[in-house]
Amino acid sequence: MMPGTLILIRLVLNYLKGTRGPKQNVTETVLERTANQYPLILYANRRNNRGTVVLVHGVTARASEDPNHVHLARCIASLGYRCLTPPLVGLANFQHTAEDVDTLTTAIREAREIAGDSVGVIAFSYGASYALSAIAQPAARNCCRAILAFGAYYLLADALEHQRQLLIRNPNPELDDTDLLYLRYRSEEHTSELQSPCN
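Now for a look at the structure at hand. The model shown is predicted, which means the values in this text are computed figures rather than measured ones.

Cut-offs applied
- Throughout, residues of each chain are indexed from 1 in the direction in which the sequence is written.
- Predicted model: local features are reported for residues with pLDDT of at least 70 only, side-chain atom pairs are reported and counted for 80 or more only, and whole-chain, interface and lining totals are derived from all residues.
- Each side-chain value is worked out from all heavy atoms of the structure, with water and hydrogens disregarded.
- Any two rings among Phe, Tyr and Trp, with Trp reduced to its six-membered ring, count as a pair given centres within 6.5 Å; such a pair is stacked if its planes are under 30 degrees apart, edge-to-face if over 60, and tilted if neither.
- By definition, any uninterrupted DSSP run of H or I lasting at least four residues is a helix, any uninterrupted run of E lasting at least two residues is a strand, and each is numbered from the N terminus.
- Relative accessibility under 20% of the residue-type maximum defines a buried residue, over 50% an exposed one, and the middle range a partly exposed one, all with a 1.4 Å probe and only protein chains included.
- In what follows, a contact means two residues having at least one pair of non-hydrogen atoms within 4.5 Å.
- Should a side-chain nitrogen of Lys or Arg be within 4 Å of a carboxyl oxygen of Asp or Glu, the pair is scored as a salt bridge.
- Should DSSP find at least two bridges between two strands, the strands are taken to pair.
- By the criterion used throughout, a crossover qualifies as right-handed when its path from the first strand across the helix to the second strand runs clockwise, the strands pointing away from the viewer.

What to know about the packing of aromatic side chains
One pass over the full model with this rule turns up 2 aromatic pairs. Their ring planes at 10 degrees and their centres at 5.1 Å tell us that Phe124 and Phe150 sit as a pair that is stacked. Taken together, the residues span a long stretch of sequence, with Phe124 in strand β5 (residues 119-124) and Phe150 in strand β6 (residues 144-150) at a distance of 26 residues. For Phe150, a relative accessible area of 40% gives the class partly exposed. Measuring from centroid to centroid gives 4.6 Å for Tyr126 and Tyr153, while their planes differ by 25 degrees, and the two rings are stacked.

Things to note about the environment of Leu40
Take Leu40: it is sitting in strand β2 (residues 39-45). For Leu40, a relative accessible area of 7% translates into the label buried. Linking Leu40 and Pro86, residues 46 residues apart in sequence, is a C-alpha distance of 4.8 Å. Contacts of Leu40, omitting those with residues within four sequence positions, involve Thr29, Val30, Leu31, Glu32, Leu84, Thr85, Pro86, Pro87 and Glu110.

Some words on the pattern of salt bridges
Summed over the entire model, instances satisfying the criterion amount to 2 salt bridges. One salt bridge in this structure joins Arg74 and Glu28, with 2.6 Å as the shortest N-O distance. You can see Arg74 sitting in helix α2 (residues 67-78) and its partner Glu28 sitting in strand β1 (residues 26-33), a full 46 residues away along the chain. You can call Arg74 buried: its relative accessible area is 13%. Residue Glu28 is classed as partly exposed on the basis of its relative accessible area, which comes to 36%.

Brief notes about the pairing of strand β3 (residues 51-56)
Walk down a regular strand and you will see the side chains alternate between the two sheet faces. Here β3 lies mainly inside the structure; 6 of its 6 residues are buried. Neither face of β3 is exposed, since Gly51, Val53 and Leu55 on one face and Thr52, Val54 and Val56 on the opposite face are all buried. For β3 and strand β4 (residues 81-85), the ladder comprises 4 bridges, and the chain directions are parallel. If you follow Val54 over to β4, its bridge partner there is Leu84. Taking the sense of rotation as the criterion, the β-α-β connection linking β3, α2 and β4 turns out right-handed. In the sheet, β3 pairs with β5 via 4 bridges, with the strands oriented parallel. Paired with Val53 across the strands is Gly120, a residue of β5.

Now the structure itself:
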């Protein structure tokens, strides 16, 4: 069995069966906060360093503070990897923005500076689509050694439109599953922001 396979098995077991919350062998450093107060956090193992990973969330209202995302970052760091978790503010607000790709491009470059070597990227869903776009940018192209992208979308705008259409076809909120509840909540919040008068 390849060493990387063993690490992946340990990561999955740690994520599924490990305790949640801060880990004794992991430091958590807030490097900066966005205007919306979402943190850019660096998780690092206190004892050893096998490399550096940028961990990219998908659509979640909590951005880099999503409990599952934080737990995964802690698990990665506990295995000896630095883990940088950039917040994608657009995705946290259910918006498709070029700023999120720029945020990732900057985070990948910053991770390379921290590591002194090329880094890996692990990304999920819409965040995976953004990560693929970010590493294709000239500023980050030579910073990334590998990417593990789960559920990336080929045409992100089409996926967002599909979700908008789901809301139109399902007008009764009482019948919503979790995904539709989230879409409806984000859609209504965004609509009320657009309708509120400017100060």
